[in-house]
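# Survey of secondary and tertiary structure
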Amino acid sequence: GQNIDQPTEMTATEGAIVQINCTYQTSGFNGLFWYQQHAGEAPTFLSYNVLDGLEEKGRFSSFLSRSKGYSYLLLKELQMKDSASYLCAVRGDNYGQNFVFGPGTRLSVLP
Amino acid sequence: DSGVTQTPKHLITATGQRVTLRCSPRSGDLSVYWYQQSLDQGLQFLIHYYNGEERAKGNILERFSAQQFPDLHSELNLSSLELGDSALYFCASSGGGSLNYGYTFGSGTRLTVV
């Protein structure tokens with residue numbers, strides 16, 4: 001089976017940097033994904049890591065350590081519109097058949 | 001527009017009734033997944049279809065069923081509805097070269113059971 005853990009809530013200030021952690025235990029590993037979800041809306045893809053290291057995409061970066069079962073999403077220069085839930089998801093064995101979402105971290109960006 | 005179309009966007013129905021939610025995947029995607037998201041809860045995987053065949057089942061109730069048709073659109077049928085079935089139901093699709101990008105989600109159907 002798979003287990004994914006994230007902090008429930010985080011608060012940060014506009015313009016700051018925030019790091020959202022995700023730890024996972026899986027029976028197999030074929031990639032880790034981060035999604036952003038605004039309240040009542042569909043999750044949208046942010047980043048994908050399959051090898052160890054940092055992937056940078058503009059203000060967002062995601063890091064993966066497979067040996068530690070650990071990832072983080074780093075958001076820089078926070079904007080009010082970044083207030084949303086951030087979902088960590090792991091694709092395990094059998095592509096497409098074992099894709100599990102974490103509970104999500106609700107980020108509030110304050111002025 | 002993500003390319004995944006879900007209808008209807010909103011649905012209000014009474015307990016004991018049956019409803020059908022519809023999903024058209026992104027062009028070229030063969031896989032369709034259904035997820036349920038209750039208020040302030042995470043995404044709960046219900047079922048996965050690939051090219052018309054059921055591939056995996058999650059925490060799907062026996063009152064719920066789904067199918068994927070030859071044109072690849074999918075329907076999720078919810079019957080004997082209970083108040084606790086009120087939730088957002090998302091459809092997602094993958095495949096067709098989008099493997100590295102996980103799933104593409106539709107905008108969801110908000111079901112309210114009264």
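This text gives an overview of the structure that appears in the document. (Residues numbered from 1 in each chain as written. Chains lettered and ligands numbered in written order. Predicted model: local features only at pLDDT ≥ 70, side-chain atom pairs only at ≥ 80, totals over all residues. Heavy atoms only, no water.)

### Re the overall build of chain A
Within chain A, the regular secondary structure consists of 0 helices and 11 strands. When the helices and strands of chain A are listed from N to C terminus, the series reads β-β-β-β-β-β-β-β-β-β-β. Counting only C-alpha atoms, chain A reaches 45 × 30 × 20 Å along its principal axes. Counting all 111 residues of chain A, 48% fall into the buried class. Sequence separation of 24 or more characterises 57% of the internal contacts of chain A that already satisfy a separation of 6 or more. As displayed, chain A offers around 5,200 Å² of accessible surface, 47% of which is attributable to carbon and sulfur atoms. The distance from the centre of the 8 positive side-chain charges to the centre of the 10 negative ones in chain A is 3 Å. (Helix = DSSP H or I, 4+ residues; strand = E, 2+ residues; numbered from the N terminus. Buried < 20%, exposed > 50% of the residue type's maximum accessible area, 1.4 Å probe, protein only. Contact = heavy atoms within 4.5 Å. Areas by Shrake-Rupley, 256 points an atom, 1.4 Å probe, with all protein chains shown as cover. Lys, Arg positive; Asp, Glu negative; His and termini not counted. Charge placed at Lys NZ, Arg CZ, Asp CG, Glu CD.)

### Section: the pairing of strand S6 (residues 53–57) of chain A
Residues and elements named next belong to chain A. Pairing between S6 and strand S7 (residues 60–65): 5 bridges, direction antiparallel. Within S7, the residue paired with Glu55 across the bridge is Ser62. Connecting S6 to the antiparallel partner S7 that follows it, the hairpin turn spans 2 residues, and Gly58 within it adopts a positive phi of roughly 65°. (Pairing = 2+ DSSP bridges.)

### Here we look at the pattern of salt bridges
Per the stated rule, a full pass over the model turns up 7 salt bridges over all chains. Note that Lys76 of chain A is salt-bridged to Glu56 of chain A, the shortest N-O span being 3.6 Å. Taken together, the residues span a long stretch of sequence, with Lys76 of chain A in the loop between strand S8 (70–75) and strand S9 (84–91) and Glu56 of chain A in strand S6 at a distance of 20 residues. Judged by its relative accessible area of 26%, Lys76 of chain A is partly exposed. When salt bridges that share partners are traced, they join Arg63, Glu82 and Asp85 of chain B into one network. (Salt bridge = Lys/Arg side-chain N within 4 Å of Asp/Glu carboxyl O.)

### Re the sheet that holds S8 of chain A
Residue and element names in this part refer to chain A. Strand order in the open sheet formed by 5 strands is S1-S3-S8-S7-S6, with antiparallel pairing between adjacent strands. Either end of the sheet is taken by a strand with one partner, and the two such strands are strand S1 (3–5) and S6. With direction set aside, neighbouring strand axes in the sheet form an average angle of 15°. Where S1 lies against strand S3 (residues 18–25), 3 bridges are found, and the strand directions are antiparallel. Its bridge partner being in S3, Asp5 is matched across the sheet by Thr23. (Axes fitted to C-alpha atoms, helices over the stretch in contact; angles between N-to-C directions.)

### Some details on the state of the cysteines
Residues and elements named next belong to chain A. As enumerated under the stated definition, the model contains 2 disulfides over all chains in all. Note on cysteine connectivity: Cys22 is disulfide-linked to Cys88, with sulfurs 2.0 Å apart. Here the disulfide of Cys22 and Cys88 is left-handed, its torsion about the S-S bond being about -65°. Highlighted residues: Cys22 in strand S3 and Cys88 in strand S9, separated in sequence by 66 residues. Residue classification places Cys88 among the buried residues on the basis of a relative accessible area of 0%. (Disulfide = S-S within 2.5 Å.)

### Regarding the interface of chain A and chain B
Think of interface size as the accessible area that goes away when the parts come together; that is how it is often given. Each partner contributes to the interface: chain A provides 18 residues, whereas chain B provides 20 residues. Buried surface at the junction of chain A and chain B, summed over both partners, amounts to about 1,500 Å²; 56% is from carbon and sulfur atoms. One can count 2 residue pairs in polar contact (both at pLDDT 80 or more) joining chain A with chain B. Only strand S4 (32–37), strand S5 (44–49), S9 and strand S10 (99–101) of chain A provide two or more residues apiece to the side of chain A that touches chain B. A total of 3 residues in the side of chain A that touches chain B trace back to one element, the largest contributor, which is S4 of chain A. Taken together, the residues of the side of chain A that touches chain B break down into 11 nonpolar, 4 polar and 3 charged. (Buried area = accessible area lost by both parts, 1.4 Å probe. Polar contact = N/O pair within 3.5 Å; in protein donor to acceptor, adjacent residues only side chain to side chain. Nonpolar A, V, L, I, M, F, W, Y, C, P; charged D, E, K, R; others polar.)

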